[in-house]
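# Analysis of the macromolecular model
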Amino acid sequence: MDAARPRTSAASPASSGHRPPDGDGPRRRRALIVTAVLVAAANALLWAVQRDTFAALPSAYWLMGLLAVIVDARPYVVANRRATSVILPSICFTFAIALAWGYVPALAVQLLAVTVAGVRMRHSPQRTLHLAVQHAVALGAATLVANLVSLRIGPGPDWHDALFTVAAAGAWIVARYGLAAVVARSMADRPGPRLRRLQRLRRLRRAGVEVLATAALLLLGPVVLATAQVGLAFVPLVLLALHAVHRMVRSSGEFERASRVDALTGLPNRRALHAAVLSQAKGRRLALLLLDLDRFRTVNDALGHGVGDRLLVEVAHRLAEVVPAHDLVVRLGGDEFAVLATRVDGPPAARRVADHLTESLNRPFTLDGTPIDVTASIGIALQRDPGGDGTTLLREAESAMYDAKQRGDQVAIYGPDAPHHTPDRLTLLADLRHALRSDSDDDGITLFYQPQIAIATGEVVGVEALLRWRHPERGLVGPDELIRVAEPTPVMRLLTSRVLHEVVAQVASWRDAGRPLRAAVNVSVRDLHAGDIADRVDSLLQQYAVPPDLLQLEITESALMADPHRVLSTITRLDRMGIAISLDDFGTGYSSLQHLRRLPLAEVKIDRSFVLGMSADRGDAAIVRSVIDLAEALGLRAVAEGVEDERTWRILAEAGCHAAQGWFHARPMPAPELSEWLTRYRPLRPALPAATK
């Protein structure tokens, strides 16, 4: 993609598809003259060699030949195939001519009809010649089969004639499409084994309509011959049947196009993106830029979904205007778009493309007189191996996009050298994905629970669910490593679903045992951006009949700052459901007091990095006290993480902290061990100075 050469609206397919550049006119006229001369020479040669045969042909031949030339003025082009994959309606007449009067008369008509079709489709002489050779070979195969079985369609055909006609039609189909496949295979670059399988499946799926329409036209030929024997006046009526075949092919093409086009914006969709990646020439390096609109949900909430849809359409139009014609603009769904750039030579060029796209979106969109500012986070994935598939590119671009959101940048490039893209991390990610999808009890994924203690009373007020994974080869993998590996990828959603399901089921079990405990679960920025986490949580709570106040979700400051408006929409809905929201690791990020005031939070968790050092470091102690006072002023609970000694616990009690969590009270433990610990636990209250009391 060349950012310096934007495509304007005048260059859109709708306006430029039928008006060639000025220099194409003379070339097309020369091509037309060359094609006509070649066909005239070939037909003259056939006439000279078979003059007596042509002189003896009946009027039915000439009528059918004329109709064959006329109908090829409107060839049937199969959707989303190469230009050579075209169905000529003239084969209905030329196949019948071959069965009745032989190969040479049929070939003469076919050459002329192919020429008309080539001119109509604006083919070059080479492409027209290629199409003519295909049909000549196909007619030759059909005539050979007919001669071998002495087939001649005449008055009173029997069942044997019908079967032999089907065999001749089959030979025609095999010869024509077999030759086309051989030529295409010899001229195309050879992809890898995986791509060959994908392309083969695509061809098989699309060959059905093409072969069916071809067979219908060929087998209509004997009907035309039988009709001609009744009366030549009835032969033109076959045009109605040809029109029906044309409608079938056209309907199939419209359905195929609809499956590759986004209904709202008219842009190509995800399926079209995958097809475009597969069809790129070998040796050409691709770049995929995934754009996720920031704060789009705010537009929907404030102005309505109708305005939101109109905004998506306007964004699509603007992207289409600035993206060159050799690149592809795609709507993936929701507020996600993608640009497949086909002319990039490395990360700097890809970043220039991204900068060009962000610059185009910086101009406000005016809807009903209201200016709407739109920004987008862009993730870039560069194809490392030519001939790769679109799934890998899309996954890497999505990972880079979430990297950009987490860092607060507008653009990020996926790189295998990044810490979370190392081979070791990718292998671990693949193993984790397999474990989550294996649906096995011994996949090694377990949950530990660490109690949270009310400092003033010593009572257990809840637990936090902490993920553990015992890898079959690596041993125990901690939660920090798991989150770093999974969060930039779609695996994070699988992991969150698994954790939520197990935690809600465990909370239901504790409640049924007469010991209701609130459980806190960490959720990632990817879960909050997906938007459906509220639906998933609500479904689980209803499934296990768990009250919403027994579940708490923890979000980090990084998740909050990645896209505050989108996060606000999601957690507001969760809050209205009765689920408490906790801001985890407070003090380590860059959240503003304004966000802290506006968000429907119930709790603030002070990061362990401050708590661990507060007994020896005055600065850490001051920060912890400030957070506790701030939480108190805002009506929030303050929970300290990493409480590992009695001195820290007493300092927190003096500062008025509400709850503590750490090894001083209990280590994280599996659910069965936690139940045993709860039976042994006796509340421990701090002895405060009299003035404090």
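The following refers to the structure shown. Here the structure is a predicted model, which is why all the values come from computation and not from measurement.

Quick notes on the rules
- Residue numbering note: each chain is counted from 1, following its sequence as written.
- The predicted nature of this model means local features are confined to residues of pLDDT at least 70 and side-chain atom pairs, given and counted, to a pLDDT of 80 or more, with totals for whole chains, interfaces and linings taken over all residues.
- Water and hydrogen atoms were dropped before computing side-chain values, which therefore reflect all heavy atoms in the structure.
- Numbered from the N terminus, helices here are DSSP runs of H or I no shorter than four residues, and strands are runs of E no shorter than two.
- A 3.5 Å cut-off defines polar contacts: any pair of N or O atoms within that distance qualifies, except that in protein one atom must be a possible hydrogen donor and the other a possible acceptor, and neighbouring residues in sequence count only when both atoms are side-chain atoms.
- Note on contacts: a residue pair qualifies if any of its non-hydrogen atoms lie within 4.5 Å across the two residues.
- Here a Phe, Tyr or Trp ring, Trp counted by its six-membered ring, pairs with any other such ring whose centre lies within 6.5 Å, and the pair is stacked when the planes are under 30 degrees apart, edge-to-face when over 60, and tilted otherwise.
- Accessible area is worked out with a 1.4 Å probe on protein chains only. A residue is then buried under 20% of its type maximum, exposed over 50%, and partly exposed in between.
- Salt bridge, as used here, is a side-chain nitrogen of Lys or Arg placed within 4 Å of a carboxyl oxygen of Asp or Glu.
- Take the buried Ala, Val, Leu, Ile, Met, Phe, Trp, Tyr and Cys residues and link them wherever side-chain atoms come within 4.5 Å; each set so joined is a nonpolar core.
- Residues forming no salt bridge and having over 30% relative accessible area are the ones grouped into patches, like charges within 9 Å of each other and nonpolar side chains (Val, Leu, Ile, Met, Phe, Trp, Tyr) within 5 Å.
- Note on areas: Shrake-Rupley, 1.4 Å probe, and residue coverage restricted to the protein chains presented here.

### Concerning the side chain of Ser 377
Following the sequence through the fold, Ser 377 ends up in strand S8 (residues 376-382). Polar side-chain contacts of Ser 377 include one of 3.0 Å to the side chain of Asp 294. Discounting chain neighbours no more than four positions away, the residues touching Ser 377 are Leu 290, Leu 291, Asp 292, Asp 294, Met 401, Lys 405, Asp 409 and Gln 410.

### Observations concerning the packing of aromatic side chains
When we look at a pair of aromatic rings, we describe it by the centre distance and by the angle of the planes. As enumerated under the stated definition, the model contains 5 aromatic pairs in all. Centre to centre, the rings of Tyr 449 and Trp 510 are 5.1 Å apart; their planes meet at 75°, and the pair counts as edge-to-face. With Tyr 449 in strand S10 (residues 445-454) and Trp 510 in helix H18 (residues 491-512), the pair connects residues that are 61 residues apart, well separated along the chain. Residue classification places Trp 510 among the buried positions, given a relative accessible area of 4%.

### Considering the pattern of salt bridges
As a working rule, side chains carrying opposite charge can pair if their charged atoms are close by. Following the criterion strictly, the structure yields 14 salt bridges and no others. Between Glu 502 and Arg 498 there is a salt bridge whose closest N-O contact spans 2.6 Å. Placement of both Glu 502 and Arg 498 in helix H18 is noted, with a separation of 4 residues, approximately one turn of the helix. For Glu 502, a relative accessible area of 27% corresponds to the partly exposed category. Glu 603 is paired through a salt bridge with Arg 637; the nearest N and O atoms lie 3.2 Å apart. Placement of the pair is Glu 603 in strand S16 (residues 603-606) and Arg 637 in strand S17 (residues 637-641), with a sequence separation of 34 residues. The buried category is assigned to Glu 603, whose relative accessible area is 0%.

### Considering the nonpolar core
Counting residues in hydrophobic clusters, the biggest one holds 82 residues, and the most contacted among them are Leu 432, Tyr 449, Val 503, Leu 553, Leu 652 and Trp 677. It is H18 that provides the largest number of residues to this core, a total of 10 residues. Ignoring any residue separated from it by four or fewer positions in sequence, one finds Leu 432 in contact with Ile 445, Trp 469, Leu 482, Ala 486, Val 491 and Leu 495. By size, the runner-up hydrophobic cluster in this structure holds 53 residues, among which are Leu 57, Ala 100, Met 121 and Leu 217.

### Quick notes on the environment of Glu 654
Mapped onto the elements of the fold, Glu 654 is located in helix H26 (residues 646-655). For Glu 654, a relative accessible area of 47% puts it in the partly exposed group.

### Concerning a nonpolar patch on the surface
Nonpolar side chains collect at one region of the surface, where Leu 129, Val 133 and Val 137 lie side by side and expose about 240 Å² of accessible area between them. Following the sequence through the fold, Val 137 ends up in helix H7 (residues 125-148).

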